[in-house]
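Summary of the model geometry
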Amino acid sequence: MKILVIGGGGREHALAWKLAQSPATSRLYAAPGNPGIATLAECVPANVTDPDRLLAIAESAGIDLTVVGPEAPLAAGVVDMFRSRGLPIVGPLQSAARLESSKGFAKEVMTQAGVPTARSVTVESAAQAHTAIRRFELPVVLKADGLAAGKGVVIANTREEAERTAAAMLAGKLVGDAGHRLIVEEFLKGEEVSFIAITDGRTVVPLEATQDHKAIFDGDRGPNTGGMGAYCDGRILSPSATDDVLSTVILPVVEYMRGIGQPFTGFLYAGLMLTGDGPKVLEFNVRLGDPETQALMLRLNSDLAGLLTECARGALSETRPRWSTDPSMCVVMAAAGYPGQVRTGDSITGIAEAERDGALVFHAGTARVNGEVRTAGGRVLGVTASGADLPAAIARTYDAVSRIRFEGAQYRTDIGVKGLKRW
Ligand SMILES: Nc1ncnc2c1ncn2[C@@H]1O[C@H](COP(=O)(O)OP(=O)(O)O)[C@@H](O)[C@H]1O
Ligand SMILES: [Mg+2]
């Protein structure tokens, strides 16, 4: 089976790494891929928001199965395009991808399906925002409706800040068109968990829970990023908590989407806040998380190609995947300046040394220049390892991190630490 991975970050490198181990995989392709993926797959240049180009790549290579990494191609309708040509693909149709590309739509679905989430009001003018902001206690959360690459959420500590931010967002000054509609919502307290399930529109299979670390600095301080690290550990959610999230969040949404004639297929990712009143949904993503995937793939013992094939065929079996009991984690090494303007072009050393004791170094923002791997983006590498327990996973991962060098490298030193209380 020829498999195409759409995307070129650490998540896609981890998917390619896992898919390469499947006996069903005869050949792997990636569009556009990256220098790490290139060691496993044939990388074909592509703009991932150009569905025509992606379809042309799949048709000319005779691809049997495609898996989409990032949200942008899904929001651009790549799944609609592939399905119209009868090509098996894992991901939601554009209409169902609105669960991520429109937070207002996601709220509407949650309300209709009775899914626990923060109380909210959707507004489209500064006057409406003014009224809405007064209905919530402080801090109050403002969210741009559309895709904003992690920059569309502001937690305002005063009403003045909330009003200023709302006005700027609505005027298109903060996140462009994504902010023309806003969600004003209640601030929820608790611990965040990423809960991802795969579904063919009917059957739902949960993956193991993970925890992401969004802020750039240790202790969850500083501005939000695409994700600075994640860990995957069977102790994050108990089996009964997992079943609870399935029955109160994932299944109602999947059933509701099917009911409105827009069945959701692919990976449904619920960003949860574990509050005193139980888990509540912060947002949905319609794809795997990055860097959650890097940690997940390390623990997954089942055959990924088989699981994805079942999903794409609409024949997902109820059988839950098998997972290693060893916790895993991924530490993102980012370029200087990230999450702002980043410096690129620095040579990276130590990747082979980092991988010597079983760690994996997934590439994200790298480029191969004159035979040398250099920095080429914000999140550069995802150093990933597992251990017999969480402390061992943390120690092994950071030992591998310490062997990698590039100018201005920044990374968090506390990935996984919030999980230690469960050990
Ligand atoms: N209602 C809320 N209460 C508290 N924190 C929130 C709330 N909504 C979002 N956040 C915080 O903001 C982050 C980003 O919000 P999210 O809804 O996941 O949007 P996106 O990932 O699109 O930026 C969350 O990971 C969480 O830390
Ligand atoms: Mg999020």
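1. Focus: the overall build of the chain
Along the chain, the regular secondary structure elements total 13 helices and 22 strands. The principal-axis extents of the C-alpha atoms in the chain amount to approximately 55 × 45 × 40 Å. Evaluated residue by residue, the chain yields a buried proportion of 51% over its 423 residues.

2. Points about the site of ligand 1
Surveying the vicinity of ligand 1 reveals 15 residues, the closest of which are Ala118, Val141, Val153, Leu188 and Glu283. Taken together, the elements giving at least two residues each to the shell around ligand 1 come down to strand E7 (140-144), strand E9 (182-186) and strand E17 (278-285). Taken together, the residues that form the shell around ligand 1 break down as 6 nonpolar, 3 polar and 6 charged. Among the domains, domain 2 (125-180) and domain 3 (189-313) are the pair contributing at least three residues each to the shell around ligand 1.

3. Side note on the domain arrangement of the chain
Where interface size is quoted, it is often the accessible area lost as the parts come together. Each assigned domain of the chain is listed with its residue range as follows: domain 1 (2-90), domain 2 (125-180), domain 3 (189-313) and domain 4 (328-422). Placing the centre of domain 2 and that of domain 3 at their C-alpha centroids yields a distance of 26 Å.

4. Re helix H7 (residues 126-133)
Every buried residue of H7 is listed here: Ala129, Ala132 and Ile133. Within H7, the buried residues cover an arc of 95° as seen down the axis, which keeps them to one side. Of the residues in H7, the exposed ones pointing more than 90 degrees away from the buried face are Ala127 and Thr131. Elements in contact with the buried residues of H7: strand E6 (120-123), E7, helix H8 (159-170) and E9.

5. What about the sheet that holds E9?
If you trace the 4 strands from one edge of the open sheet to the other, you get E6-E9-E7-E8, paired in antiparallel fashion. The open sheet has two edge strands, E6 and strand E8 (153-156), and neither has a second partner. The sheet shows a mean angle of 20° between the axes of neighbouring strands, direction not considered. Note: E6 against E9, 4 bridges, orientation antiparallel. Note that in E9 the partner of valine 123 across the bridge is leucine 182. Each of E7, E8 and E9 touches H8; the most contacted strand, E7, lies at about 5° to it.

6. As for the packing of H7 against H8
Two numbers describe how H7 lies on H8: the axes approach to 10 Å, and their chain directions differ by 150°. One element, H7, and the other, H8, form an angle in the roughly antiparallel class. Here H7 runs over H8; the crossing is right-handed. Note on element contacts: H8 touches H7 through Arg159, Ala162, Glu163, Ala166, Ala167 and Leu170, opposite Ala126, Ala129, His130 and Ile133. For the contact of H7 with H8, a count of residues per class yields 7 nonpolar, 1 polar and 2 charged.

7. Structural notes on the nonpolar core
Core analysis: the biggest nonpolar cluster contains 114 residues, and Ala16, Leu268, Ala270, Met329, Met333 and Val383 have the highest contact counts within it. Excluding residues that lie within four positions of it along the chain, alanine 270 makes contacts with Phe195, Val245, Val249, Ile250, Val281 and Phe284. Grouped together as the second largest cluster of nonpolar side chains are 19 residues, Ala132, Ala144, Ala166 and Val175 included.

8. Overview of the sheet that holds strand E2 (residues 27-32)
On the basis of which strands lie adjacent, the open sheet formed by 5 strands has the order E3-E2-E1-E4-E5 and parallel pairing. The open sheet has two edge strands with one neighbour each: strand E3 (42-43) and strand E5 (89-90). Packed onto the sheet, helix H1 (residues 10-19) meets strand E1 (2-7), E2 and strand E4 (65-68) and runs at close to 165° relative to E1. The strands that helix H2 (residues 51-61) touches are E1, E2 and E4; relative to E1, the one it contacts most, it runs at about 165°.

9. Remarks on helix H10 (residues 292-299)
Burial of H10 is extensive: 8 of the 8 residues sit out of reach of the surface. For H10, the set of buried residues is Glu292, Thr293, Gln294, Ala295, Leu296, Met297, Leu298 and Arg299.

10. Brief notes about the packing of helix H6 (residues 103-113) against helix H9 (residues 239-259)
H9 packs onto H6 with a crossing angle of 100° between their chain directions and a minimal axis gap of 9 Å. In terms of orientation, H6 and H9 fall into the roughly perpendicular class. Residues Val109, Gln112 and Ala113 of H6 form the contact with H9, whose participating residues are Pro252, Val253 and Tyr256. Counted by class, the contact of H6 with H9 contains 5 nonpolar, 1 polar and no charged residues.

11. Quick look at the environment of threonine 384
With respect to the helices and strands, the residue threonine 384 is situated in strand E22 (residues 379-386). Take threonine 384: there are 33 C-beta atoms within 10 Å of it, and that puts it in the buried class. Along the chain, threonine 384 and isoleucine 394 lie 10 residues apart, while their C-alpha atoms are 9.6 Å from each other. Residue contacts for threonine 384: discarding those within four places in its chain leaves Gln294, Ala295, Leu298, Ser328, Met329, Cys330, Ala359, Leu360, Phe362 and Thr397.

12. Brief notes about unusual backbone geometry
In the segment running from alanine 31 into proline 32, the intervening peptide bond is cis, with an omega of -5°. Relative to the assigned elements, proline 32 resides in strand E2. A cis amide bond, omega 10°, links tyrosine 338 with the succeeding residue proline 339. If you check the backbone angles, aspartate 220 has positive phi at about 60° while not being a glycine. Within the secondary structure layout, aspartate 220 lies in the loop between strand E13 (215-217) and strand E14 (221-224). The exposure class of aspartate 220 is partly exposed, given the 15 C-beta atoms found within 10 Å.

Reading the values: the criteria
Residues numbered from 1 in each chain as written. Chains lettered and ligands numbered in written order. Predicted model: local features only at pLDDT ≥ 70, side-chain atom pairs only at ≥ 80, totals over all residues. Helix = DSSP H or I, 4+ residues; strand = E, 2+ residues; numbered from the N terminus. Buried ≥ 20, exposed ≤ 12 C-beta atoms within 10 Å, placed from the backbone. Near = placed C-beta within 6 Å. Nonpolar A, V, L, I, M, F, W, Y, C, P; charged D, E, K, R; others polar. Domains from an automatic or database assignment. Arc of directions from axis to C-beta. Contact = placed C-beta atoms within 7 Å. Pairing = 2+ DSSP bridges. Axes fitted to C-alpha atoms, helices over the stretch in contact; angles between N-to-C directions. Parallel < 35°, antiparallel > 145°, perpendicular 65-115°, else oblique. Left-handed = near helix turned anticlockwise from the far one by under 90°. Core = buried A, V, L, I, M, F, W, Y, C linked by C-beta atoms within 7 Å.

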